[in-house]
Amino acid sequence: GASGGTGRVLEYFGTGCQSISCSGKATVCNMGAELGATASLFPFDEGMARYLRAVGRAEAAQAAERHAAELREDADAEDCPQRCFDQLLEIDLSALEPAWAGPHTPDLYTPVARMAEVVQGRGYPDRISAALIGSCTNSSYEDISRAAAVAAEALAHGLKAAAPFYVTPGSTEVE
């Protein structure tokens, strides 16, 4: 695992959680696994129930709703998280900026604003030979449809890709 993740359980809570889509939460949890975490979890919310219904899993949504009180964040933990967790990391979602992770490890994080500096400093190739969206981390319908919308807008403005653009959905449901 990457630094800091191995053997940990990552629990996300707070008001920002509701602003993240269900598939976005799945992506975050997948990245937790890539960091070596034993588990990652978010509290149940109505967005999850809507998603389950939208993908034909109404029975799972109903079961989760029946047990919603047990699937939400613990009020004591939210009121005084220092008593309940080994380590706390507060993430201000409104302060996040576009970034890329890697290569080779998800904990090598670089804001896009520093991309040129890092590419030059580490001797990375400075030309993109291919672009990929997909794999196990960003292959949900939500992610793929965003990339498709950007590509369609570029084509509508007469732009052409300078390198091949590959799409590898994580599920046949996305195709």
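It should be noted that the structure appears before, not after, this text.
Residues numbered from 1 in each chain as written. Predicted model: local features only at pLDDT ≥ 70, side-chain atom pairs only at ≥ 80, totals over all residues. Heavy atoms only, no water.

1. What to know about the overall build of the protein chain
Moving on, step 1. Along the backbone of the protein chain there are 7 helices and 6 strands.
Moving on, step 2. What you see in the protein chain, going N to C, is helices and strands ordered as β-α-β-α-α-α-α-β-β-α-β-α-β.
Moving on, step 3. Taken along its principal axes, the extent of the C-alpha atoms in the protein chain is 50 × 40 × 25 Å.
Moving on, step 4. When each of the 175 residues of the protein chain is scored for burial, the buried share is 22%.
Moving on, step 5. Contacts in the protein chain between residues far apart in sequence, at least 24 positions, make up 60% of those at least 6 positions apart.
Moving on, step 6. Distance from the positive charge centre (13 side chains) to the negative charge centre (24 side chains) of the protein chain: 5 Å. (Helix = DSSP H or I, 4+ residues; strand = E, 2+ residues; numbered from the N terminus. Buried < 20%, exposed > 50% of the residue type's maximum accessible area, 1.4 Å probe, protein only. Contact = heavy atoms within 4.5 Å. Lys, Arg positive; Asp, Glu negative; His and termini not counted. Charge placed at Lys NZ, Arg CZ, Asp CG, Glu CD.)

2. Some points on the pattern of salt bridges
Moving on, step 1. For the structure on display, the rule yields 4 salt bridges.
Moving on, step 2. A salt bridge links Lys-25 to Asp-45, with the nearest nitrogen and oxygen atoms 2.3 Å apart. One end of the pair, Lys-25, is in helix 1 (residues 22-34); the other, Asp-45, is in the loop between strand 2 (39-41) and helix 2 (46-54), and 20 residues separate them in sequence.
Moving on, step 3. Given the relative accessible area of 3%, Lys-25 is considered buried.
Moving on, step 4. Take Asp-45: its relative accessible area is 7%, and that puts it in the buried class.
Moving on, step 5. One salt bridge connects Glu-46 with Arg-72, and the closest N-O pair in it is separated by 3.2 Å. (Salt bridge = Lys/Arg side-chain N within 4 Å of Asp/Glu carboxyl O.)

3. Brief notes about the packing of aromatic side chains
Where two aromatic rings form a pair, the distance of their centres and the angle of their planes describe that pair.
Moving on, step 1. Throughout the structure, instances matching the rule amount to 3 aromatic pairs.
Moving on, step 2. For the pair Phe-13 and Phe-85, a centre-to-centre distance of 5.4 Å together with 15° between the ring planes defines the contact as stacked. Taken together, the residues span a long stretch of sequence, with Phe-13 in the loop between strand 1 (9-11) and helix 1 and Phe-85 in the loop between helix 5 (75-79) and strand 3 (99-101) at a distance of 72 residues.
Moving on, step 3. Exposure remark for Phe-85: the relative accessible area of 22% places this residue in the partly exposed category. (Phe/Tyr/Trp six-rings, centres within 6.5 Å; stacked < 30°, edge-to-face > 60°.)

4. So, helix 1
Because each turn of an α-helix spans 3.6 residues, side chains separated by three or four positions end up pointing in the same direction.
Moving on, step 1. The terminal C-alpha atoms of helix 1, which comprises 13 residues, lie 19 Å apart, in line with the 18 Å expected from a rise of 1.5 Å per residue.
Moving on, step 2. Here helix 1 has its buried residues at Cys-22, Ser-23, Gly-24, Lys-25, Thr-27 and Gly-32.
Moving on, step 3. Along its buried surface, helix 1 packs onto strand 1, strand 2, helix 2 and helix 7 (141-156).
Moving on, step 4. Positive phi shows up at Gly-36, right after helix 1, with a value of about 95°. (Expected span 1.5 Å × (residues − 1).)

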